[in-house]
Amino acid sequence: MSSSASRADPREHPLIPRETKYGLFFVSPSILFFLVFWIAPVVLALYYSLTNWKIGPNATFVGLRNYADLLIDPRFRQATLASAELTGLAVASTVLLALGLAVLLNDDALPGNRLFKVLIILPVVTDWVATGLVWQLVFLPNRGVLPGLFSLVGLRAWMGLGWTSTSSLAPMAIALFIIWKTTGLYAIIFLAGLKGIPRHFAEAAVVDGATGWQVFQQITLPLLRPISVFVVVTAFVTTVGLFEPVFMLTGGGPADATRVLPIFLYETFFQFHNGGYASAAGVLFLLLCLAFAFGAARVMRYSFYE
Amino acid sequence: MRHFQGRIVRYVCLTLYGAFSVMPLAWMVSAAFKRPQDVLTIPIRWVPPVWQPGNFVQALLEPRFSGSSLLTFALNSIFVAVVTSLASIILSSFVGYGFAKFRFRGRDPLLWAMLSTTLLPFSSVIIPLYLIMRGLGLLDSLWALIVPLALTGQTIFLARQFIVSLPSELMDAARVDGAGELQIFGRIMFPLLGPAIATLGILTFLVSWNQFLWPLVVLSSQDHFTVPLGLSLMGLGSTFLVDYHLWMAAATLAVVPPLVFFLLLERPYLRGLETLSGLKE
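Residues numbered from 1 in each chain as written. Chains lettered and ligands numbered in written order. Predicted model: local features only at pLDDT ≥ 70, side-chain atom pairs only at ≥ 80, totals over all residues.

### Description of the overall build of chain B
So, step 1. For chain B, the count of helices and strands is 14 helices and 0 strands.
So, step 2. Secondary structure elements of chain B occur, N-terminal to C-terminal, as α-α-α-α-α-α-α-α-α-α-α-α-α-α.
So, step 3. For chain B, the C-alpha atoms occupy an extent of roughly 75 × 70 × 35 Å along the three principal directions.
So, step 4. Taken across its 281 residues, chain B has 46% of its residues classed as buried. (Helix = DSSP H or I, 4+ residues; strand = E, 2+ residues; numbered from the N terminus. Buried ≥ 20, exposed ≤ 12 C-beta atoms within 10 Å, placed from the backbone.)

### Concerning the environment of A102(A)
Residues and elements named next belong to chain A.
So, step 1. By the secondary structure assignment, A102 is in helix α4 (residues 74–105).
So, step 2. When the 23 C-beta atoms within 10 Å are taken as the criterion, A102 is described as buried.
So, step 3. Sequence separation between A102 and L194 is 92 residues; the distance between their C-alpha atoms is 7.6 Å.
So, step 4. What A102 contacts, discounting residues up to four positions off in sequence, is A187, F190, L191 and L194. (Contact = placed C-beta atoms within 7 Å.)

### Quick look at the domain arrangement of chain B
Residue and element names in this part refer to chain B.
So, step 1. For chain B, the domain assignment lists domain 1 (1–52) and domain 2 (63–276).
So, step 2. Between the C-alpha centres of domain 1 and domain 2 there is a distance of 32 Å.
So, step 3. If you look at the interface, domain 1 gives 9 residues, while domain 2 gives 8 residues.
So, step 4. Looking at the side of domain 1 that touches domain 2 residue by residue, the classes come out as 7 nonpolar, no polar and 2 charged. (Domains from an automatic or database assignment. Nonpolar A, V, L, I, M, F, W, Y, C, P; charged D, E, K, R; others polar.)

### Things to note about the packing of helix α7 (residues 153–164) of chain B against helix α14 (residues 266–276) of chain B
All names here are of chain B.
So, step 1. Their axes nearest at 10 Å, the elements α7 and α14 cross at an angle of 95°. With respect to their mutual orientation, α7 and α14 come out roughly perpendicular. For the pair formed by α7 and α14, the contact residues are Q154, F157, L158 and Q161 on the first element and G272, T275 and L276 on the second.
So, step 2. When its residues are assigned to classes, the contact of α7 with α14 shows 3 nonpolar, 4 polar and no charged. (Axes fitted to C-alpha atoms, helices over the stretch in contact; angles between N-to-C directions. Parallel < 35°, antiparallel > 145°, perpendicular 65-115°, else oblique.)

### Looking at helix α10 (residues 195–210) of chain B
Residues and elements named next belong to chain B.
So, step 1. Taking 1.5 Å per residue as the helical rise, α10 with its 16 residues ought to reach 22 Å, and the 23 Å between its terminal C-alpha atoms agrees with that figure.
So, step 2. With respect to burial, α10 is a largely interior element, 12 of its 16 residues being buried.
So, step 3. The set of residues buried in α10 consists of A196, T199, L200, G201, I202, L203, T204, F205, L206, S208, W209 and N210. (Expected span 1.5 Å × (residues − 1).)

### Observations regarding the nonpolar core
So, step 1. Counting residues in each nonpolar core, the largest one holds 175 residues, and the members touching the most others are A187(A), F190(A), V231(A), A250(B) and A251(B).
So, step 2. If sequence neighbours within four positions are ignored, A187(A) has contacts with A98(A), L101(A), A102(A), L105(A) and I120(A). (Core = buried A, V, L, I, M, F, W, Y, C linked by C-beta atoms within 7 Å.)

### Observations regarding the interface of chain B and chain A
So, step 1. The interface of chain B with chain A comprises 76 residues on the first partner and 82 residues on the second.
So, step 2. Sorting elements by how many residues they give to the side of chain B that touches chain A places helix α1 (residues 2–32) of chain B first, with 13 residues.
So, step 3. For the side of chain B that touches chain A, the per-class residue count stands at 56 nonpolar, 11 polar and 9 charged.

### A word on the domain arrangement of chain A
All names here are of chain A.
So, step 1. Domain parsing of chain A yields domain 1 (4–49) and domain 2 (72–305).
So, step 2. For domain 1 versus domain 2, the distance between C-alpha centres works out to 37 Å.
So, step 3. Each partner contributes to the interface: domain 1 provides 4 residues, whereas domain 2 provides 6 residues.
So, step 4. Taken together, the residues that form the side of domain 1 that touches domain 2 break down as 3 nonpolar, 1 polar and no charged.

### Quick look at the environment of K117(A)
All names here are of chain A.
So, step 1. For K117, the position within the fold is in helix α5 (residues 113–125).
So, step 2. With 19 C-beta atoms packed within 10 Å, K117 lands in the partly exposed category.
So, step 3. Taking the C-alpha atoms as reference, K117 lies 45 Å from G275; in sequence the two are 158 residues apart.

Next comes the structure, spelled out in structure tokens:
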């Protein structure tokens with residue numbers, strides 16, 4: 001594996017090539033971090049998921065019982081459904097909005113272009129808790145910002161809606177908060193992708209009589225495929241793992257409507273001290289994310305050619 | 001003419017989204033200056049009728065909780081975010097250099113393993129991670145917030161992408177001159193990273209400043225709390241139910257450091273996002 005330059009080096013070790021020695025030396029911190037913060041946690045979670053461990057020192061092996069219990073636990077099923085609903089709603093809206101914004105921003109001659117970019121990314125760099133306090137007041141029935149805006153446009157009947165206290169509205173309220181907070185990030189990434197597409201492709205198509213929509217659908221979108229895979233997978237993994245927006249707006253309620261998987265895991269362990277059970281749920285959650293990430297990458301890679 | 005119309009549509013859409021993006025933040029800043037009775041009014045008052053800048057002093061210094069003030073939380077947050085960013089800059093470029101400039105068996109699978117960690121949500125491993133921190137004796141310590149973020153799949157990848165484009169000839173020349181490998185990294189390659197250091201710094205600073213779930217899990221004593229954790233003690237259902245103006249003053253103070261940092265380092269930040277998405281080598 002070593003290059004010819006290093007083979008001539010008099011300091012060359014007879015058995016370990018110089019490049020291997022120093023390469024491993026420089027990457028060694030990452031190996032340590034990977035073992036301590038990813039491999040060890042997964043191994044520990046797998047181990048505890050097979051036990052009835054609570055929080056004390058005792059853990060008895062119970063085989064796959066935790067997994068069997070999880071599959072018939074209505075709370076776990078509800079958490080999975082709530083996660084699917086919230087993630088589906090938020091990711092689909094975020095990705096489509098981000099793509100739209102990127103297309104709009106993809107015009108360097110547009111005056112104020114840079115200002116719009118900064119405005120759109122502001123929520124991304126702020127934190128979930130501080131802005132969560134703001135969004136609590138945005139949604140406050142009758143007195144908040146949203147009711148204020150409704151009264152301004154004559155929707156007085158909507159002013160009393162309990163956005164965070166009604167089962168059907170709470171997922172939408174949280175999704176709106178997530179959309180507000182994360183869309184800018186993906187818009188900037190899509191924009192970078194759009195800028196990477198050579199302009200003459202679209203120009204040639206227009207000369208051949210293609211409309212703007214045809215150019216977008218048949219040239220831009222297929223060329224954006226790799227970046228779209230990246231955005232969808234990143235948005236999914238980020239959103240499905242979100243704890244903060246739910247914690248800040250509803251805390252999982254009303255009546256479990258927004259008790260998503262991260263909240264379920266947190267409560268099962270840190271409030272109910274059910275370590276083995278929570279570990280099993282964590283393992284299933286991890287598998288779900290991996291399955292989605294690989295599935296999305298596969299589907300999106302092929303669907304454009306079929 | 002058609003081009004002109006298209007531009008109008010573009011402006012209308014961008015202005016609408018821009019307004020949506022800024023409105024909650026603008027409302028927050030405005031409320032932070034208000035008297036309590038002016039915060040939640042219909043119609044909304046965007047400009048405070050009476051300005052009360054003293055809200056910020058009160059929010060920052062008044063011991064709201066069991067003896068701790070927002071200032072204590074802010075000092076903790078600054079310490080954690082600064083130390084994490086510095087550690088991340090040094091560790092990530094060290095490791096990134098190894099991945100970028102040396103060829104050895106297993107290098108690429110190892111890099112993929114690091115990258116694959118970015119596909120897993122942090123919240124799915126908090127329970128075992130909590131146990132590991134307990135084993136390391138770091139529970140309720142600010143170091144528990146620093147160590148796990150000092151090196152991540154993202155920052156390794158970023159540093160590697162930046163270093164790959166640096167000329168290897170410099171390394172060879174230094175070797176001929178008898179420089180050691182650590183010297184080559186520290187004296188020659190690291191200074192060449194320049195703006196990439198700012199990128200690594202701002203990305204890590206923002207992640208560190210904004211983390212909430214992890215501090216919530218590992219910290220227990222209030223004088224170790226960070227800003228988001230302290231802020232979460234406010235909020236609906238807390239005992240400070242009517243102090244909305246103070247909540248908003250505290251929230252404004254909490255978003256100032258990341259916003260200032262972002263506005264100063266906007267270009268390296270955006271470049272970092274583009275590199276992470278794999279668009280730039």
